[in-house]
Amino acid sequence: MMTALEELRKRLAGHLHAADIGGLCRMAEGREGDGMKAALFSLVGDGDRRVASNALWVFTYFRAPERCWLQARQEELIDVAVTAPDVTSRRLVLTLLEHQTFAADAIRTDFLDVCLGRMLSDDEPVSIRSLSMKLAYKMCRHYPELLEELRMSIAMIDAAAAESAGLRSCRRNILRQMEKAKKVRE
């Protein structure tokens, strides 16, 4: 007889449809769903790439109250973002992290370095480059000296940005946010 976790893992090993994701999200709603959230989270690091990415995919469909549960697991999500072996998992975990807040006193420099590196990497897809840029800004915005480093890094994207409308748009939006924040500080 299979345990609930084994059944969930088997379910995530297959192709998920919108109805599957909706059902899993409903099972994870509220405090009663904390067990389901924990089970899904335990599978984020699964050795089977499909299981891990499907678990992350389900989390991206969580409503705001359920996403709050993930905020307490930010460190573990960052660990996944730094080490995720495949593009799909990286994109999904960065999407989850984008919905989180980053406290000024809890910035992980290893993650910031990874974000800065990925946003500049031509080997990464536009989605990962854009998400990395947004996350770098979320972390740097607390520190003027880091904002200047980020601004210089974003300037390096200029030539490559012409190739992608998405990257150009993200770059422009972040520079606009940086300018607004600078005016507020002055």
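Residues numbered from 1 in each chain as written. Predicted model: local features only at pLDDT ≥ 70, side-chain atom pairs only at ≥ 80, totals over all residues. Heavy atoms only, no water.

**Student:** What is the right way to read the pattern of salt bridges from this model?
**Tutor:** Opposite charge on two side chains permits pairing when their charged atoms draw close. The full count for this structure, using the stated rule, is 14 salt bridges. Here aspartate 86 makes a salt bridge to arginine 49, at a shortest N to O gap of 3.7 Å. Linking aspartate 86 in the loop between α6 (74-83) and α7 (87-98) with arginine 49 in helix α4 (residues 49-60), this pair joins segments that are 37 residues apart in sequence. A salt bridge links aspartate 110 to arginine 108, with the nearest nitrogen and oxygen atoms 2.8 Å apart. (Salt bridge = Lys/Arg side-chain N within 4 Å of Asp/Glu carboxyl O. Helix = DSSP H or I, 4+ residues; strand = E, 2+ residues; numbered from the N terminus.)

**Student:** Whenever I open this one, helix α10 (residues 144-156) confuses me. Can you help?
**Tutor:** Note that an α-helix has 3.6 residues per turn; residues three or four places apart therefore point the same way. Counted at 1.5 Å a residue, the expected span for α10 with its 13 residues is 18 Å, and the 19 Å between its end C-alpha atoms agrees. Those residues of α10 not exposed but buried are Leu147, Leu150, Ser153 and Ile154. Along the long axis of α10, the arc covered by the buried residues comes to 120°, so they all point the same way. Of the exposed residues in α10, those oriented more than 90 degrees away from the buried face are Glu145 and Met156. (Expected span 1.5 Å × (residues − 1). Buried < 20%, exposed > 50% of the residue type's maximum accessible area, 1.4 Å probe, protein only. Arc of directions from axis to C-beta.)

**Student:** Would you take a moment to explain the packing of aromatic side chains for this structure?
**Tutor:** In this description, a pair of aromatic rings is defined by centroid distance and the angle of the planes. All chains considered together, the criterion is met by five aromatic pairs. When the centroid spacing of 5.9 Å and the interplanar angle of 80° are considered together, the rings of phenylalanine 41 and tryptophan 69 count as edge-to-face. Here the residue phenylalanine 41 occupies a position in helix α3 (residues 34-42), and tryptophan 69 occupies one in helix α5 (residues 64-71), the gap between them amounting to 28 residues. As far as the burial class goes, phenylalanine 41 and tryptophan 69 line up, both buried. Look at phenylalanine 59 and phenylalanine 62: their rings are 4.9 Å apart centre to centre, the planes differ by 65°, and that puts the pair in the edge-to-face class. Of the two residues examined, phenylalanine 59 and phenylalanine 62, each falls in the buried class. (Phe/Tyr/Trp six-rings, centres within 6.5 Å; stacked < 30°, edge-to-face > 60°.)

**Student:** Even after reading the chapter, I still don't get the side chain of serine 132, so can you show me in this structure?
**Tutor:** Summarising the element assignment, serine 132 is placed in helix α9 (residues 126-140). Beyond its immediate chain neighbours, meaning those up to four positions away, serine 132 contacts Leu94, Cys115, Arg118 and Met119. (Contact = heavy atoms within 4.5 Å.)

**Student:** Hey, could you run me through the environment of leucine 94 in this one?
**Tutor:** Tracing the chain through its elements places leucine 94 in helix α7. Accessibility expressed as a relative area gives 0% for leucine 94, which makes it buried. The spatial distance from the C-alpha of leucine 94 to the C-alpha of alanine 64 is 16 Å, given a sequence separation of 30 residues. Look past the residues within four positions of leucine 94 in its chain and what remains in contact with it is Ala81, Phe111, Arg118, Ile128, Leu131, Ser132 and Leu135.

**Student:** Explain the nonpolar core here, please?
**Tutor:** Counting 53 residues, the largest nonpolar core has Leu12, Leu40, Val58, Phe59, Phe111 and Leu150 as its most contacted members. Once residues within four sequence positions are removed from consideration, leucine 40 is found in contact with Leu8, Leu12, Ala55, Val58, Phe59 and Phe62. (Core = buried A, V, L, I, M, F, W, Y, C linked by side-chain atoms within 4.5 Å.)

**Student:** Whenever I open this one, the packing of helix α1 (residues 4-13) against helix α2 (residues 18-27) confuses me. Can you help?
**Tutor:** For any two helices packed against each other, the geometry is given by the interaxial angle and the distance between the axes. Viewed as axis vectors pointing N to C, α1 and α2 meet at an angle of 150°, and their least axial separation amounts to 12 Å. Comparing the axis directions of α1 and α2 gives the class roughly antiparallel. Here α1 and α2 pass one another in a crossing that is left-handed. The segment α1 lies against α2, with Leu8, Arg11 and Leu12 engaging Asp20, Leu24 and Met27. Along the lines of polarity and charge, the residues of the contact of α1 with α2 split into four nonpolar, no polar and two charged. (Axes fitted to C-alpha atoms, helices over the stretch in contact; angles between N-to-C directions. Parallel < 35°, antiparallel > 145°, perpendicular 65-115°, else oblique. Left-handed = near helix turned anticlockwise from the far one by under 90°. Nonpolar A, V, L, I, M, F, W, Y, C, P; charged D, E, K, R; others polar.)

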